[in-house]
Amino acid sequence: MNIRINNNKFVVKTMITPKDKSAGMMRKKFTSPNQGMLFLMDDTDHCFWMKNCVIPLDIIFIKDGMISNIHHNCPPCKSKDCGNYCGEGDMILEVKGGTCKSLGIKLDDTIEF
């Protein structure tokens, strides 16, 4: 699936099943800078963590087609006590850490499908 934020195109893998959502980016890397992972969620508060991730990520919370929260450059975590990155939304987009700042992606930007 392709999405666009501020004229920046991303090719995203959609995470729908509970198993896919649970695994997320664990032990995975993006192969190009415009890739992402899009989690389709219930419209509530959600918390993500970086357990067993291998690269830093920007975690973007989307509510009603607009960015409601961004956690920038979240570091990987290898311990049992990983921090949580929380926000409200019906979708969460993970992209390579630093992407939002380098492309000027910010709160209230809209997502185009």
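Scope of this entry: the structure provided in the associated data block. (Residues numbered from 1 in each chain as written. Predicted model: local features only at pLDDT ≥ 70, side-chain atom pairs only at ≥ 80, totals over all residues. Heavy atoms only, no water.)

## Some points on the sheet that holds strand S1 (residues 2-5)
Reasoning step 1: Strand order across the open sheet formed by seven strands is S5-S4-S6-S3-S2-S1-S7, with mixed pairing between neighbours. Since the sheet does not close on itself, it has two edges, and those belong to strand S5 (66-74) and strand S7 (111-112), each with one partner.
Reasoning step 2: Summarising the sheet, strand S3 (residues 35-49) and strand S6 (residues 84-96) pair through eleven bridges and their orientation is antiparallel. Looking across to S6, one finds that Gly36 is bridged to Val95. (Pairing = 2+ DSSP bridges. Helix = DSSP H or I, 4+ residues; strand = E, 2+ residues; numbered from the N terminus.)

## Brief notes about the packing of aromatic side chains
Each aromatic ring pair is described using two quantities: the centre-to-centre distance and the angle formed by the ring planes.
Reasoning step 1: If you walk through the whole model with that rule in mind, you get two aromatic pairs.
Reasoning step 2: Note on Phe39 and Phe48: the rings are 5.0 Å apart at their centroids and 85° apart in plane angle, and the pair reads as edge-to-face. For the pair Phe39 and Phe48, one class covers both residues: buried.
Reasoning step 3: With a centroid separation of 6.2 Å and an interplanar angle of 85°, the aromatic rings of Phe48 and Phe61 are classed as edge-to-face. With a gap of 13 residues between them, Phe48 in strand S3 and Phe61 in strand S4 (residues 57-63) connect regions that are remote in the sequence. (Phe/Tyr/Trp six-rings, centres within 6.5 Å; stacked < 30°, edge-to-face > 60°. Buried < 20%, exposed > 50% of the residue type's maximum accessible area, 1.4 Å probe, protein only.)

## A word on the layout of surface pockets
Reasoning step 1: Each pocket or cavity is described by its volume, and for the largest pocket that value is around 210 Å³.
Reasoning step 2: For the largest pocket, the lining is made up of 15 residues, of which Lys21, Ser22, Phe39, Phe48 and Trp49 are closest to its centre.
Reasoning step 3: Taken together, the elements giving at least two residues each to the lining of the largest pocket come down to helix H1 (18-23) and S3.
Reasoning step 4: For the lining of the largest pocket, a count of residues per class yields nine nonpolar, three polar and three charged. (1 Å grid on protein atoms, 1.4 Å probe; cavity = no way out; pocket = protein on both sides within 12 Å on 5 of 7 lines; lining within 4 Å. Points joined across faces, edges and corners; volume = space filled by probe spheres on them. Nonpolar A, V, L, I, M, F, W, Y, C, P; charged D, E, K, R; others polar.)

## What about the state of the cysteines?
Reasoning step 1: The full count for this structure, using the stated rule, is two disulfides.
Reasoning step 2: Note on cysteine connectivity: Cys47 is disulfide-linked to Cys86, with sulfurs 1.9 Å apart. For the disulfide bridge between Cys47 and Cys86, the dihedral angle about the S-S bond is near 105°, and by the sign convention the bridge is right-handed. In this pair, Cys47 is assigned in strand S3 and Cys86 in strand S6, connecting sequence segments 39 residues apart.
Reasoning step 3: Given the relative accessible area of 47%, Cys47 is considered partly exposed. (Disulfide = S-S within 2.5 Å.)

## So, the environment of Lys96
Reasoning step 1: You can see Lys96 is positioned in strand S6.
Reasoning step 2: Distance in space between the C-alpha atoms of Lys96 and Asp109 is 18 Å, their sequence separation being 13 residues.
Reasoning step 3: Excluding residues within four positions of it along the chain, Lys96 makes contact with Phe30, Pro56, Leu57 and Asp58. (Contact = heavy atoms within 4.5 Å.)

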